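Residue-level structural notes
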Amino acid sequence: MNNLPDTPVPDPGSSGDKQAEPVTTTAPNKSSALKKTSRYRSRSLSASSTDSFSSASYTGSSSDDGDDVPPREKVQKNTKGNSDFCVRNIAGQHAFGRREIEIAEQEMPGIMALRKRAADDKPLKDAKIVGCTHINAQTAVLIETLVELGASVRWAACNIYSTQNEVAAALAEADIPIFAWRGETEEDFWWCIDRCVNAESWQPNMILDDGGDATHLMLKKYPTMFKLVKGIVEESVTGVHRLYQLSKAGKLTVPAMNVNDSVTKTKFDNLYSCKESILDSLKRSTDVMFGGKQVVVCGYGDVGKGCAQALKGQGCIVYITEIDPICALQASMDGFRVVKLNEVIRNVDIVVTATGNKNVVVREHMDKMKSGCIVCNMGHSNTEIDVNGLRTPDLTWEKVRSQVDHIIWPEGKYIILLAEGRLVNLSCSSIPSFAVSITSATQALALIELFNAPPGRYKSDVYLLPKKMDEYVASLHLPTFDAHLTELSDEQAKYMGLNKAGPFKPNYYRY
């Protein structure tokens with residue numbers, strides 16, 4: 001063990017090929033986390049902490065690969081000679097990324113069916129889409145579907161830790177302008193979005209956002225360009241909240257589609273997907289055993305419901321915090337005890353935030369936690385856990401593996417912080433491709449609807465996805481289960497006042 005190097009072990013799944021073009025090597029910048037921390041120590045990295053088959057990260061090539069040259073300082077070209085992208089390592093990773101995308105396609109029947117059905121019609125011809133979402137194998141399937149449907153796209157990541165470097169490389173090799181890599185600094189993050197928005201001889205007319213960052217940057221920095229956009233599609237709670245704020249303030253000058261609250265997206269991406277991925281991310285990052293552990297889940301919306309049910313199924317004692325009496329009543333009826341965080345914070349073993357709010361878990365709470373308590377976030381925003389409150393001279397940060405830090409108090413107590421408070425399921429594991437297929441199909445249909453809508457159909461406001469499209473997304477996925485829908489007779493349809501082809505429920509119906 002004394003002979004192990006202090007540098008990361010190269011990923012066994014990535015190629016050792018050199019870049020097609022020279023790489024400018026300069027002194028590497030320290031990460032933003034190190035800059036903000038007055039005391040930080042790192043254990044020597046063993047093979048288990050960087051190996052692509054380890055529980056420490058989703059894929060080795062998305063973890064630290066020993067390449068300290070910042071992507072922005074590299075000169076890279078794909079095999080066609082194009083350089084309109086910025087990724088970690090196109091030459092060494094694009095083939096691996098292409099295999100990841102092909103695997104995801106097999107488990108994404110809905111978006112692949114939509115690609116096949118609409119490819120000839122090219123419903124997104126002349127659409128120029130700025131995308132800011134998580135970049136992984138599943139979202140790559142969506143991106144390439146939009147291109148197949150006629151769109152021109154430029155893409156950035158909405159999260160600095162969730163990008164799969166190999167997938168970004170595969171997209172760059174496919175001539176898709178993409179600006180993203182795992183471990184971006186905050187300055188890199190905004191630079192990447194800016195490169196997507198402000199491109200030479202390219203004027204965006206659609207936005208696909210996850211969190212509202214692309215919308216925010218374009219509105220603040222390029223207001224004239226923003227007014228020329230035909231529509232915005234937003235898929236996160238945080239981003240939708242920002243859109244409603246803009247609309248209320250009279251600053252939203254283009255139509256926007258809220259796909260986060262579409263039934264298919266809400267149930268599958270927020271509930272069923274998180275129900276599986278919370279366990280996967282906690283296991284991969286900490287190797288924790290769940291049986292008998294005391295867990296508090298902050299928030300009992302669809303994400304919180306999925307997390308609480310999964311953890312309860314593994315034998316955890318689960319507490320819920322809530323501000324909404326309806327959600328609190330649901331939690332109580334589901335067998336969970338609803339508490340205030342301060343009532344249980346000294347005893348719990350795991351804290352999961354899922355509210356979309358800010359300062360849900362603050363330094364005062366973390367000072368009271370027991371040693372070894374695991375703290376993580378399942379909400380979109382990275383503001384739920386007050387990570388800045390932990391960057392003080394009296395605390396020591398110890399990096400133990402990818403996306404896992406021990407925060408050590410002077411008396412020796414420590415807590416385990418995952419992904420620095422960002423989305424733990426996308427930073428520390430993966431999410432089911434089938435669930436992403438449903439979300440992706442919803443996003444694609446929303447883009448098609450807004451882009452092709454006649455003038456006047458949508459005003460400068462926030463709209464829900466039409467119910468008919470919601471049902472269509474669900475129908476695209478039914479053949480996977482060999483499910484057969486019952487058809488209404490003419491008499492039944494007339495009795496219910498329905499069209500035989502749908503929609504079958506009013507907009508106010510709660511599934």
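Bear in mind that the values here come from a model prediction, so they are computed numbers and not experimental data.

**Comments concerning the overall build of the protein**
- Within the protein, the secondary structure is distributed over 19 helices and 16 strands.
- When burial is assessed residue by residue, the protein has 55% of its 511 residues classed as buried.

**Description of the confidence of the model for the protein**
- For the protein, per-residue confidence averages 86 on the pLDDT scale, and 87% of positions sit at 70 or higher.
- Scored below 50 in pLDDT, residues 1–64 makes 112 contacts in the model with residues more than four places away or belonging to other chains.

**Points about the UniProt feature "binding site: NAD(+)" (unreviewed entry) in the protein**
- Taken from the UniProt record, the annotation "binding site: NAD(+)" (unreviewed entry) applies to Gly-301, Asp-302, Val-303, Gly-304, Lys-305, Gly-306, Glu-322 and Asn-425.
- Structurally, the position occupied by Gly-304 is in helix H12 (residues 302–313).
- Those residues within four positions of Gly-304 in sequence are excluded, and the remaining contacts are Val-297, Gly-299 and Ala-354.

**Some words on the packing of aromatic side chains**
- Taken as a whole, this structure holds seven aromatic pairs when the rule is applied.
- Between Phe-179 and Trp-191 the ring centres are 6.3 Å apart and the planes differ by 80 degrees, which places this aromatic pair in the edge-to-face class. Here the residue Phe-179 occupies a position in strand E4 (residues 178–179), and Trp-191 occupies one in helix H7 (residues 186–197), the gap between them amounting to 12 residues.
- Residue class for Phe-179 comes out buried when judged on its relative accessible area of 0%.
- Taking 4.9 Å as the distance between ring centres and 85 degrees as the angle between the ring planes, the aromatic pair formed by Tyr-509 and Tyr-511 counts as edge-to-face.
- A residue is classified by how much of its surface remains accessible, and Tyr-511, at 44% relative accessible area, is partly exposed.
- The ring of Phe-336 carries Lys-312 above its face, with NZ or CZ at 4.9 Å from the centroid.

**Here we look at helix H4 (residues 109–118)**
- Looking at H4, one finds that the buried residues are Gly-110, Ile-111, Leu-114, Arg-115 and Ala-118. All buried residues of H4 fall inside an arc of 140 degrees around its axis, so they share one side. Across H4 from its buried face, at more than 90 degrees, point the exposed residues Lys-116 and Arg-117.
- Looking at the packing, one finds that the buried side of H4 touches helix H3 (90–106), helix H5 (137–148), helix H17 (433–452) and helix H18 (467–477).

**Re the pattern of salt bridges**
- With the rule as written, the count across this model stands at 20 salt bridges.
- In this structure, the salt-bridge partner of Arg-98 is Glu-144, at a minimum N-O distance of 2.7 Å. Of the two residues, Arg-98 sits in helix H3 while Glu-144 sits in helix H5, which places them 46 residues apart along the sequence.
- Judged by its relative accessible area of 25%, Arg-98 is partly exposed.
- When the shortest N-O distance is used, the salt bridge between Glu-364 and Lys-368 registers 3.6 Å. Residue Glu-364 and its partner Lys-368 are located together in helix H15 (residues 363–368), separated by four residues, close to a single helical turn.
- Looking at Glu-364, the relative accessible area reads 47%, which means it is partly exposed.
- Here Lys-368 falls in the partly exposed class, since its relative accessible area comes to 24%.
- One salt-bridge network, held together by shared partners, links Arg-72, Glu-187 and Asp-188.

**Examining unusual backbone geometry**
- Omega for the peptide link from Gly-502 to Pro-503 comes to 0 degrees, which places this bond in the cis form.
- Within the secondary structure, Pro-503 sits in the segment after helix H19 (490–496).

**Here's the deal with the environment of Val-153**
- Residue position: Val-153 is located in strand E3 (residues 152–157).
- Separated by 53 residues in sequence, Val-153 and Met-206 place their C-alpha atoms 9.4 Å apart.
- If sequence neighbours within four positions are ignored, Val-153 has contacts with Ile-129, Ile-143, Leu-146, Val-147, Ile-176, Pro-177 and Trp-202.

**With respect to the pairing of strand E8 (residues 294–298)**
- Counting buried residues in E8 gives four out of five residues, a clear majority hidden from the surface.
- Each parallel crossover has a hand, and for E8 linked through H12 to strand E9 (residues 317–321) it is right-handed.
- As defined by bridge partners, E8 adjoins strand E11 (residues 350–353) across four bridges and the pair is classed as parallel. Considered in E11, the bridge of Val-295 is made with Ile-350.

**Brief notes about the sheet that holds strand E16 (residues 462–464)**
- Pairing within the open sheet is parallel, and its seven strands lie in the order E4-E3-E2-E5-E6-E7-E16. Of all strands in the sheet, those bounded by a partner on one side alone are E4 and E16.
- Two elements, strand E2 (residues 128–133) and strand E5 (residues 206–209), share four bridges in a ladder whose sense is parallel. Bridging across to E5, Ile-129 finds its partner in Met-206.
- Packing of helix H8 (residues 213–221) onto the sheet brings it into contact with E2, E5 and strand E6 (231–234), and relative to E5 it is tilted by some 135 degrees.

What counts, and where the lines are drawn
Residues numbered from 1 in each chain as written. Predicted model: local features only at pLDDT ≥ 70, side-chain atom pairs only at ≥ 80, totals over all residues. Heavy atoms only, no water. Helix = DSSP H or I, 4+ residues; strand = E, 2+ residues; numbered from the N terminus. Buried < 20%, exposed > 50% of the residue type's maximum accessible area, 1.4 Å probe, protein only. pLDDT = per-residue confidence, 0-100. Contact = heavy atoms within 4.5 Å. UniProt positions renumbered as here; feature names shortened; annotations may be inferred. Phe/Tyr/Trp six-rings, centres within 6.5 Å; stacked < 30°, edge-to-face > 60°. Lys NZ or Arg CZ within 6 Å of the ring centre and 35° of its normal. Arc of directions from axis to C-beta. Salt bridge = Lys/Arg side-chain N within 4 Å of Asp/Glu carboxyl O. Right-handed = clockwise from strand over helix to strand, strands pointing away. Pairing = 2+ DSSP bridges. Axes fitted to C-alpha atoms, helices over the stretch in contact; angles between N-to-C directions.

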